[in-house]
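Structural characterization, general
Listed below, chain by chain, are the residues.
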Amino acid sequence: MTELADCAKSALERDGEVVLSYGSTLGYAPLREWLAERHSVEPGRVLVTNGSLQAFHFVLDAFSGRGRVLVERPTYDRPRKILAAAGLELGEVPVDDHGLDVDELERELDGPPASFLYTIPTFQNPTGSTLSEERRRRLAELARERGLPVLEDDPYGLVRFEGEPLPSLFELEGGKQVMYSSSFSKTIAPGLRVGYAIVPAALTGKLEELVASTYITPALLAQATVYEFLRRGLFEPNLERVCGLLKARRDAMLGALERELAGRVRWSRPEGGYFLWLDLPDELDASELLTRASEAGVTFVPGADFGGPPSSARLAFSFVSPAEIDEGVRRLAALVAPAAAPV
Ligand SMILES: Cc1ncc(COP(=O)(O)O)c(C=O)c1O
């Protein structure tokens, strides 16, 4: 917190005139350059937005009208709500322990035209699942062969606390069909509202218009603060700290689940990110369970909110301490009917 306050002060002192003015529609130039270097692209392809969900809105606006939107099932609830509110038809592709089912995607692509695919290949929200390398390669190839635009949403990729990082779809495909979005929400602070997208150069003109008519110029002070944080070399140590905290929380959740619910419930084992997914016994409705859980002081999100089955749930291990997680799982387990058949 003190470091960020100091970064904000320096950002204002060093570049106040730019930061306090309209003009940098696509984002704070030094941050765009930093991101461009990190992703080996031209700075002209980087759009820094007020959070990465805003980038989803812009890509959606740029591509809507070209057909159905393909999404994972289950997927992040906010894009689902945005797409539903826009009245857009969805093509839903199932996700399993190895991420999006690419065979199913191929079958979807044989159906009515699709405008783009929205996917979260790494530590997916809500399942925590990660697309395997083999599937990544097939998906990148499919995007290329079929000319399918893809938005790879990757806010959790750097929050890996176990296992080897996998190449992004964006890297594998070469960034022609695949657009990439990410965020500093999970790696620095969500309230800064600094996210970004890397898009084809041909799209930036259209996006510039969308940005200008949405918020004229993004929140540059936050972007310059993030840039100062990066410039001072504070990002990597902070990421290490965040990953350490999250690992302890994930471990506490896995340990408590094993102790309390083994044989009655199935859960995913993410190597990073914020979430894991529960497959509860079929006869249990997660919304009804949530009512009882809330009374017991525990919360989660029913899987149905993400397009999952009624007997599924998303647990977040990001939010509370290992001790609270341990106690929360204990209380939750007491509410999952003890006589339920093993899954
Ligand atoms: C998959 C996914 N994409 C995007 C976002 C939004 O992030 P931001 O804070 O950058 O808007 C989230 C936030 O939880 C998320 O889980």
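Here, the structure is the one placed above.
For clarity, every value in this text was computed on a predicted model and none was experimentally measured.

1. Re the site of the ligand
For the ligand, the set of nearby residues contains 14 residues, the closest of which are S52, D153, Y156, S183 and S185. One nitrogen or oxygen atom from the main chain of S52 is found 2.7 Å from an oxygen atom belonging to the ligand. The backbone of L53 places a nitrogen or oxygen atom 3.1 Å from an oxygen atom of the ligand. Taking 400 Å² as the accessible area of the ligand by itself, protein coverage stands at 91%. Here the shell around the ligand is built from residues that sort into six nonpolar, five polar and three charged.

2. Focus on the sheet that holds strand β5 (residues 114-119)
Read from one edge of the open sheet, eight strands run β1-β8-β7-β6-β5-β2-β3-β4, paired in mixed fashion. On the outer flanks of this sheet lie β1 (46-49) and β4 (99-100), each paired with one strand and no other. Sheet topology places strand β2 (residues 68-73) next to β5; four bridges connect them, and they run parallel. If you follow V71 over to β5, its bridge partner there is Y118. Helix α3 (residues 52-63) rests against β1, β2, β5, β6 (150-153), β7 (178-183) and β8 (195-198) of the sheet, and its axis sits at about 165° to β5.

3. Topic: a nonpolar patch on the surface
A cluster of nonpolar side chains, namely L12, L20 and L221, defines an oily patch on the protein surface of about 260 Å² accessible area. Turning to its location among the elements, L20 is positioned in the loop between α1 (2-19) and α2 (29-38).

4. Considerations on the sheet that holds strand β10 (residues 275-279)
If you trace the four strands from one edge of the open sheet to the other, you get β9-β10-β12-β11, paired in antiparallel fashion. In this open sheet, the two strands that pair with only one neighbour each are β9 (266-267) and β11 (301-302).

5. Description of α2
Turning to α2, its buried residues are L31, R32, L35 and A36. Down the axis of α2, the buried set is contained in an arc of 140°. They therefore lie on one face. Lining the buried residues of α2 we find β1, β8 and α9 (220-231). Taken from the residues just after α2, S40 is the one with a positive phi, measuring 50°.

Conventions and cut-offs
- Residues numbered from 1 in each chain as written.
- Predicted model: local features only at pLDDT ≥ 70, side-chain atom pairs only at ≥ 80, totals over all residues.
- Heavy atoms only, no water.
- Near = heavy atom within 4 Å.
- Polar contact = N/O pair within 3.5 Å; in protein donor to acceptor, adjacent residues only side chain to side chain.
- Areas by Shrake-Rupley, 256 points an atom, 1.4 Å probe, with all protein chains shown as cover.
- Nonpolar A, V, L, I, M, F, W, Y, C, P; charged D, E, K, R; others polar.
- Pairing = 2+ DSSP bridges.
- Helix = DSSP H or I, 4+ residues; strand = E, 2+ residues; numbered from the N terminus.
- Contact = heavy atoms within 4.5 Å.
- Axes fitted to C-alpha atoms, helices over the stretch in contact; angles between N-to-C directions.
- Patch = residues over 30% accessible without salt bridge, like charges linked within 9 Å, V, L, I, M, F, W, Y side chains within 5 Å.
- Salt bridge = Lys/Arg side-chain N within 4 Å of Asp/Glu carboxyl O.
- Buried < 20%, exposed > 50% of the residue type's maximum accessible area, 1.4 Å probe, protein only.
- Arc of directions from axis to C-beta.

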